[in-house]
Structures are given as structure tokens and as C-alpha cells.
Amino acid sequence: MIFVLLVGLGGLGALLDGGQKGTSGTTAPTETSATQPSENPHPDSPAGTTKPPAEPSDDPAATPTTKPKPPSTAPPGVVVLRVIDGDTLEVRGDGGVLPRDTVARVRLLEIDTPERGACFADEATARTATLLPPGSHIRAERDVELTDRYDRYLLYVWNAQGTFVNESLVRSGHAEAVLYPPNDKYWTRISDAENAAQQAGAGLWTACPEQPETSTSPPDSPDSAPDTPGRPDLPDGPPAGAPDVDCSDLPGPVWVGPDDPHRLDRDGDGIGCEAD
């Protein structure tokens, strides 16, 4: 009886042990393998196994960007404010040769146009205004000396079309070539332009005949007394050799004497710039 009971218990234990082994032999898939994709997918994996990288969106709203400012349409350079006469301008600087936003007076180098009221002065001023109209931009270039005693800027000037204005005024006969050392950078070019204008009889070379020289009486003649009055109490006019000066550059009448190197005396009385 006891033997039969032991044998029965042993068989029951074998059955229980076999069931546990069968269960442990079937490995359930882990959560990790079921949810995480492989780091190195097989090239032949079917579509949908791995997610390709997102393409950049063409929608501007999806990628906000800061639009660059459009380039300025204003041309660079010095701005012409007004033409005073044929060889003198008033301009506003751009920070290059001339201080930025500074209103300055410019005297064109190596040329001289007729003084206001003289023969061909109006034509010279009109020509300069055509080449350098107010509001236009110019390129300015300096020489050795930048300014003169009247605080004018001594410059070579090119207009917006690239015309070398100093040379152009001489070549068309609206100005003469005048050298004031040491500013002589373009002297050969400008003096050649004057030779061409003279040969062609352009502008003032035909319109303004040379004034005849004033005859002088012998020293012992009673008519030899000068027609000009004694020197009045006036400041001296600009000396010869300085860049040409116009009456617009001076505060009032000046004593120029009989020589008048800058042709400021219209009536020959030794006083320049008596009237505007």
C-alpha cells in the first residue's frame, strides 16, 4: 500500500516537472525586440521597416528666416548741391575726400572759367550745370594740396556718366587751362585739351577776342598820371600763383592794383569785386 502510494507520487512529480520544462522551452519575445527597430536594417528590408530622414520643407512658414535688407539703390559719391559759377560748386560730402554730410565749396583744379559778368561767363556756368546738375552724384579726386586759404576743396571731378569735368570744360572752350603747383596730376591731359580747343576755335577762343593792351604815355608826359585812384582802404586781393579765386569766394571789394592776376576788376580801377 505504501509502495503504491510512493510510486503514484513519483509519477505525479514527473508529470509536473515535464510540464515546467515544456513551458520554459518556448521563449516569449521580449518587449525590447518587439518595439525597437534594428540600428542597422537590412538593405532588403521591405518599405516601412525604417523611416527615411525628413526632407527640408519648401514651405516658408515652416522654416522662419530673416530676409536680408535689399541693397541701397542710392549711388555712392559726393552730391552736387548747386553750381556757383563755371569752376566752383557747392557739394555735400560722402565721407571720402570730403567729410560725410559736410557742405563744402569745391574749386575745380587746373582750370579757370570767365569771372561772372565777363565774356562767356554765363555760357561756362551753364555748361558746368549741364555736366554737374544739382542732385547728381560725382566722383572727386584730390591732388597734393586738398584745400586753399579760402577753405575751398581743390578737386578733380567726374560726373555720373564718367566724364572728366575739368578736362571737358577746357576741351569745349568753356575754360582755360591754368596750372597752380603743386597740384599738377592731370596737367598734361588738360593742357592738351586747351591746345585742341584753341586750334578748333571752340567757345571763348572765338567768342571772346583778346583785349588790346593799354597804351602807355612817356613818363614825362602830363598824360602819364594813372587813371586809377590812390589805393583805398581795402584788403589785398588774392595773390598771383594761388588757385584762381572768384568774387563769390571773397567777402567784398578788394584791392587788386593794375595787375589783377585773378581778373576781378571789371572796370580797370584797381578795385576788384565792387559789385556782384
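One can find the structure itself at the top, above this paragraph.
Cut-offs and rules
- Each chain has its residues counted from 1, running along the sequence as written.
- Where totals are concerned, whole chains, interfaces and linings use all residues; where local detail is concerned, this predicted model gives features only for residues with pLDDT of at least 70, and gives and counts side-chain atom pairs only at 80 or more.
- For the side-chain quantities, the full set of heavy atoms in the structure was used; hydrogens and water were omitted.
- Numbering of helices and strands runs from the N terminus, with a helix taken as a DSSP run of H or I at least four residues long and a strand as a DSSP run of E at least two residues long.
- Residue burial is assigned from relative accessible area. The probe radius is 1.4 Å, only protein chains are included, and a residue is buried under 20% of its type maximum, exposed over 50%, and partly exposed in between.
- For this analysis, residues touch if any pair of their heavy atoms sits within 4.5 Å.
- Criterion for a disulfide: a pair of cysteine sulfur atoms within 2.5 Å.
- Any Lys or Arg side-chain nitrogen located within 4 Å of an Asp or Glu carboxyl oxygen qualifies as a salt bridge.
- Paired strands, in this sense, are two strands between which DSSP finds at least two bridges.
- To obtain an axis, a line is fitted to C-alpha atoms, over the contacting stretch when the element is a helix, and the angle between two such axes runs from 0 to 180 degrees between their N-to-C directions.

Q: Help me understand unusual backbone geometry, please; the structure alone is not making it clear to me.
A: Keep in mind that most residues, glycine aside, have a negative phi and that most peptide bonds are trans. The amide bond that connects Pro 181 to the next residue, Pro 182, takes the cis arrangement and shows omega of 5°. Counting through the fold element by element, Pro 182 comes out in the loop between β7 (176-177) and α5 (187-200). Of note, the phi angle at Glu 110 is positive, near 65°, even though the residue is not glycine. Mapped onto the fold, Glu 110 is located in the loop between β3 (103-108) and β4 (111-112). What makes Glu 110 buried here is its relative accessible area of 2%. At Asp 151, a residue that is not glycine, the phi angle is positive and equals roughly 60°. Mapped onto the elements of the fold, Asp 151 is located in the loop between β5 (137-147) and β6 (153-158).

Q: Honestly, the side chain of Glu 167 in this entry has me stumped. Any pointers?
A: Considering the arrangement of structural elements, one finds Glu 167 in helix α4 (residues 165-171). Other than its neighbours up to four places away in sequence, Glu 167 contacts Arg 189, Ile 190 and Ala 193.

Q: Would you mind showing me how to read the state of the cysteines here?
A: Cysteine pairs can be covalently joined through their sulfur atoms, and such a bond is termed a disulfide. For the structure on display, the rule yields one disulfide. Paired by a disulfide, Cys 119 and Cys 208 hold their sulfur atoms 1.9 Å apart. Torsion about the S-S bond of the Cys 119 and Cys 208 cystine: about -90°, corresponding to left-handed handedness. Highlighted residues: Cys 119 in the loop between β4 and α3 (121-131) and Cys 208 in the loop between α6 (204-207) and β8 (254-255), separated in sequence by 89 residues. On the accessibility criterion, Cys 208 (18% relative accessible area) is buried.

Q: Please explain the environment of Gly 173 as it appears in this structure.
A: Within the secondary structure, Gly 173 sits in the loop between α4 and β7. Residues Gly 173 and Ala 202, spaced 29 residues apart in sequence, show a C-alpha to C-alpha distance of 4.8 Å.

Q: Would you mind showing me how to read the pattern of salt bridges here?
A: Two side chains with opposite charge may pair up if their charged atoms get near one another. Under the criterion given, the structure shown has eight salt bridges. Its salt-bridge partner being Arg 107, residue Asp 112 comes within 3.7 Å of it at the nearest N-O pair. The same class applies to Asp 112 and to Arg 107, which are both buried. A salt bridge links Glu 141 to Arg 139; its shortest N-O distance comes to 3.7 Å. Of the residues examined, Arg 139 reaches a relative accessible area of 45% and is grouped as partly exposed. A cluster of three or more residues bridged by salt bridges with shared partners is formed by Asp 87, Arg 107 and Asp 112.

Q: Explain the side chain of His 174 to me, please; I cannot follow it from the model alone.
A: Checked against the element boundaries, His 174 lands in the loop between α4 and β7. The residues touching His 174, leaving out its near neighbours within four places in the chain, are Thr 113, Pro 114, Phe 120, Glu 123, Ala 124, Arg 127, Leu 169 and Leu 204.

Q: Sorry, what's going on with the sheet that holds β3 here?
A: As a general point, the strands of a sheet are linked pairwise by backbone hydrogen bonds and lie either parallel or antiparallel. Strands sit in the order β1-β2-β3-β6-β5 around a closed barrel of five strands; the barrel is mixed. On average, adjacent strands in this sheet sit at an angle of 50° to one another, irrespective of strand direction. With two bridges connecting them, strand β1 (residues 78-85) and β5 associate as antiparallel partners. Residue Val 78 lies in a different strand from β5, and its bridge partner there is Ile 138.

Q: How should I be thinking about the environment of Asp 233 in this particular structure?
A: Among the structural elements, Asp 233 can be located in the loop between α6 and β8. Residues Asp 233 and Val 254 lie 21 residues apart in sequence; the distance between their C-alpha atoms is 9.1 Å.

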